[in-house]
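# Coordinate analysis (summary)
The residues making up each chain are set out below.
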Amino acid sequence: MKKQIDVTAAIIVKDNKVFAARRRAGLHLGGCWEFPGGKLEAEDTPEQCLNRELEEEFKITTRVGAFVGESVYDYGSKIVCLLAYQVQHLDGEFLLTDHDALCWLSLNELDSVQWAPAHIPLVQQYKSMTITEAFYTNNAQAYCAETIAFDMEDSYPLFLDQLPNGAHILDLGCGSGRDSKAFLEKGYAVTPIDGNAKIAACAEQYLECSVAVITFQTLDYHNKFNGVWSSASLLHCPRLQLPDVLKRIALALCDNGVAYFSFKWGEVDSVDERGRHFTNFTEDRLVGLLGAVPDFTMINVWSETKPLRDGKQRWVNGLVKRQARSALFL
């Protein structure tokens, strides 16, 4: 069996440009460009590894942020599992040791260099993530105005009927604030959050209350909510990040709390005419995803077709309950 090596990679962005370095001739993959990083040692966390390797290779200090994605590539003699993280450059000039050139690439320039093979999927993941985020930033008001008008009343009962009166709900990826407003008007306590600052600002105006800017990947609540409502929000989360995000949602729920999810139905992921990336699910694949979270007990997974803009959209929905923490140790 071939040996798998876990390697970290830093996606450093400054002034909307991404840092890349070219490996020196004579080294493995010499002449190829890469997101810099290094081999993950047994005692390392990815954050420790990246901070150390970037200081050694470029003499810079950094702060490691959110996980971006994973790429597994078979180089013949070994298999490399590349783990990419957002990294902030704090201090220091970029000095070259194992590399002979560096550059800062705009989104449109990312395909202009010869990337090391394992890095190519990460480049595509980063492009999809950035284009999707840019759409919501550039179209926040129009998007919120459009989605406020969607009638969701028939979707609420299956979720709300599982909750006690006055339950505390986390509206995860609240968008326009439409569902938060409906829950507030029904007498529930609601914490709305969204990962996009412009969308959150629009929701604040609509709801007349604070909306925190928090991404799925940095969700850090513990035993706080009776329900988590995630309606058409995790559908932009990269597939490889979903298991960790679901664990964070489980941590955020109180014992016997309930979480609702909806995704576009699809056998493969897709990109729409607006450039947005969608992580799609069938019923079976969603059962597999939710069933792999030890803290969750499945309530129901179902699909339905609803009007969307000038057509119809098939959705797959999931409803799970957070097991009581004491039950996990029986």
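Scroll up a little and you will see the structure.
## Re the overall build of the chain
Helix and strand content of the chain: eight helices and 16 strands. Over its C-alpha atoms the chain spans a radius of gyration of 22 Å, differing by no more than 12% from the 20 Å that the globule rule assigns to 330 residues. In terms of principal-axis extent, the alpha carbons of the chain reach across some 65 × 50 × 35 Å. Of the contacts formed within the chain by residues at least 6 apart in sequence, a portion of 65% connects residues at least 24 apart. Distance from the positive charge centre (32 side chains) to the negative charge centre (43 side chains) of the chain: 2 Å.

## Side note on the nonpolar core
One finds L234, L246, I249, F261, F263 and F296 to be the most contacted residues of the largest nonpolar core, which totals 34 residues. The element best represented in this core is helix 7 (residues 242-252), accounting for six residues. Ignoring anything within four residues of it in the chain, the contact list for I249 reads L172, L219, V228, L234, A259, F261 and F296.

## Topic: the environment of L289
Relative to the helices and strands, L289 is located in helix 8 (residues 283-291). For L289, a relative accessible area of 13% puts it in the buried group. For the pair L289 and P243, spaced 46 residues apart in sequence, the C-alpha to C-alpha distance is 7.3 Å. If sequence neighbours within four positions are ignored, L289 has contacts with L242, L246 and F281.

## Here we look at the pattern of salt bridges
Applying the stated criterion to the full structure yields 15 salt bridges. Residues D179 and R178 are paired through a salt bridge, measuring 2.9 Å at the closest nitrogen-oxygen approach. A salt bridge links R248 to D244; the shortest N-O distance between them is 3.0 Å. Linking R248 with D244, this pair stays in helix 7, spanning four residues, or about one helical turn.

## Some thoughts on the sheet that holds strand 10 (residues 212-213)
Reading across the sheet, the seven strands line up as 10-9-8-11-12-16-15 and stay open at both edges, with mixed pairing between neighbours. Since the sheet does not close on itself, it has two edges, and those belong to strand 10 and strand 15 (296-308), each with one partner.

## Comments concerning the pairing of strand 11 (residues 225-231)
Taking burial as the measure, the seven residues of strand 11 include six buried ones, the bulk of the element. Where strand 8 (residues 168-172) and strand 11 come together, three bridges link them in parallel fashion. Directly across from I169, in strand 11, lies its bridge partner G227. By the bridge criterion, six bridges tie strand 11 to strand 12 (residues 253-264) in an arrangement that is parallel. Paired with S230 across the bridge in strand 12 is F261.

## Overview of helix 7
What sets the pattern is the α-helix's 3.6 residues per turn: residues three or four places apart point alike. Those residues of helix 7 lying buried are L242, V245, L246, I249, A250 and A252. Projected down its long axis, helix 7 carries its buried residues within an arc of 160 degrees, all on one side. Among the structural elements, strand 8, strand 11, strand 12, helix 8, strand 15 and strand 16 (311-322) are those in contact with the buried residues of helix 7.

## Concerning the packing of aromatic side chains
Under the defined criterion, the tally for this structure stands at 20 aromatic pairs. With 4.6 Å between their ring centres and 35 degrees between their planes, F19 and F94 make a pair best called tilted. Taken together, the residues span a long stretch of sequence, with F19 in strand 2 (residues 17-23) and F94 in the loop between strand 6 (79-91) and strand 7 (99-105) at a distance of 75 residues. Taken as a pair, F19 and F94 share a single burial class, namely buried.

## Examining the side chain of S176
Topologically, S176 is positioned in the loop between strand 8 and helix 5 (178-185). Here the side chain of S176 touches R178 through a polar contact of 3.3 Å, landing on its backbone nitrogen. In contact with S176, other than residues within four places in its own chain, are C144, T147, I148, A203 and Y206.

## Some points on the pairing of strand 15
As defined by bridge partners, strand 15 adjoins strand 16 across twelve bridges and the pair is classed as antiparallel. By the bridge assignment, W302 is partnered in strand 16 with N317.

## Concerning unusual backbone geometry
Most of the time, phi is negative for any residue but glycine, and the peptide bond is trans. One non-glycine residue, L29, lies in positive phi territory at about 65 degrees. Mapped onto the elements of the fold, L29 is located in the loop between strand 2 and strand 3 (33-34). Here L29 falls in the partly exposed class, since its relative accessible area comes to 22%. Backbone geometry places N223, a non-glycine residue, at a positive phi of 55 degrees. Within the fold, N223 resides in the loop between strand 10 and strand 11.

## A word on the packing of helix 3 (residues 140-148) against helix 6 (residues 197-207)
Two elements in contact, helix 3 and helix 6, have axes separated by 9 Å at closest approach and are oriented at 50 degrees. Comparing their axes, helix 6 and helix 3 come out oblique. Our pair here, helix 3 against helix 6, has a crossing hand that is right-handed. Of the residues in helix 6, those in contact with A140, Q141, Y143, C144 and I148 of helix 3 are K198, I199, C202 and Y206. Each residue belonging to the contact of helix 3 with helix 6 can be placed in one class, and the counts come to seven nonpolar, one polar and one charged.

Calculation notes
Every chain is numbered independently, its residues counted from 1 as its sequence is written. Where totals are concerned, whole chains, interfaces and linings use all residues; where local detail is concerned, this predicted model gives features only for residues with pLDDT of at least 70, and gives and counts side-chain atom pairs only at 80 or more. In computing side-chain properties, one takes all heavy atoms of the structure into account and sets aside hydrogens as well as water. Where helices and strands are cited, they refer to DSSP runs of H or I of at least four residues and of E of at least two residues respectively, numbered from the N terminus. Throughout, radius of gyration means the C-alpha value; the globule benchmark is 2.2 Å times the number of residues raised to the power 0.38. For this analysis, residues touch if any pair of their heavy atoms sits within 4.5 Å. Counting rule applied: Lys, Arg positive; Asp, Glu negative; His and chain ends not counted. Charge placement uses NZ in Lys and CZ in Arg. For Asp and Glu, CG and CD serve respectively. We call a set of buried residues a nonpolar core when its members are Ala, Val, Leu, Ile, Met, Phe, Trp, Tyr or Cys and they connect through side-chain atoms within 4.5 Å of each other. Exposure classes here rest on a 1.4 Å probe applied to the protein chains alone. A residue is buried below 20% of its type maximum, exposed above 50%, and partly exposed in between. The rule for a salt bridge is simple: a side-chain nitrogen of Lys or Arg has to be within 4 Å of a carboxyl oxygen of Asp or Glu. Should DSSP find at least two bridges between two strands, the strands are regarded as paired. This arc is taken over the directions from the axis of the helix to the C-beta atoms. For this analysis, a ring pair means two rings from Phe, Tyr or Trp (six-membered ring only for Trp) whose centres lie within 6.5 Å, classed as stacked if their planes differ by under 30 degrees, edge-to-face if by over 60, and tilted for the remaining angles. Nitrogen and oxygen atoms within 3.5 Å of one another constitute a polar contact, given that in protein one can donate a hydrogen and the other can accept it, and given that sequence-neighbouring residues count only through two side-chain atoms. Here, axes are lines fitted to C-alpha atoms. For helices the fit covers the stretch in contact, and angles between N-to-C directions go from 0 to 180 degrees. Angle categories are assigned with fixed cut-offs, so that under 35 degrees is roughly parallel, over 145 is roughly antiparallel, 65 to 115 is roughly perpendicular, and the rest are oblique. By convention the crossing between two helices is left-handed if the near helix lies anticlockwise of the far one by an angle smaller than a right angle, and right-handed if it lies clockwise. Three categories are distinguished: nonpolar for Ala, Val, Leu, Ile, Met, Phe, Trp, Tyr, Cys and Pro, charged for Asp, Glu, Lys and Arg, and polar for the others, with Gly belonging to the last.

Read these as layout, nothing more, since geometry by itself doesn't imply function.
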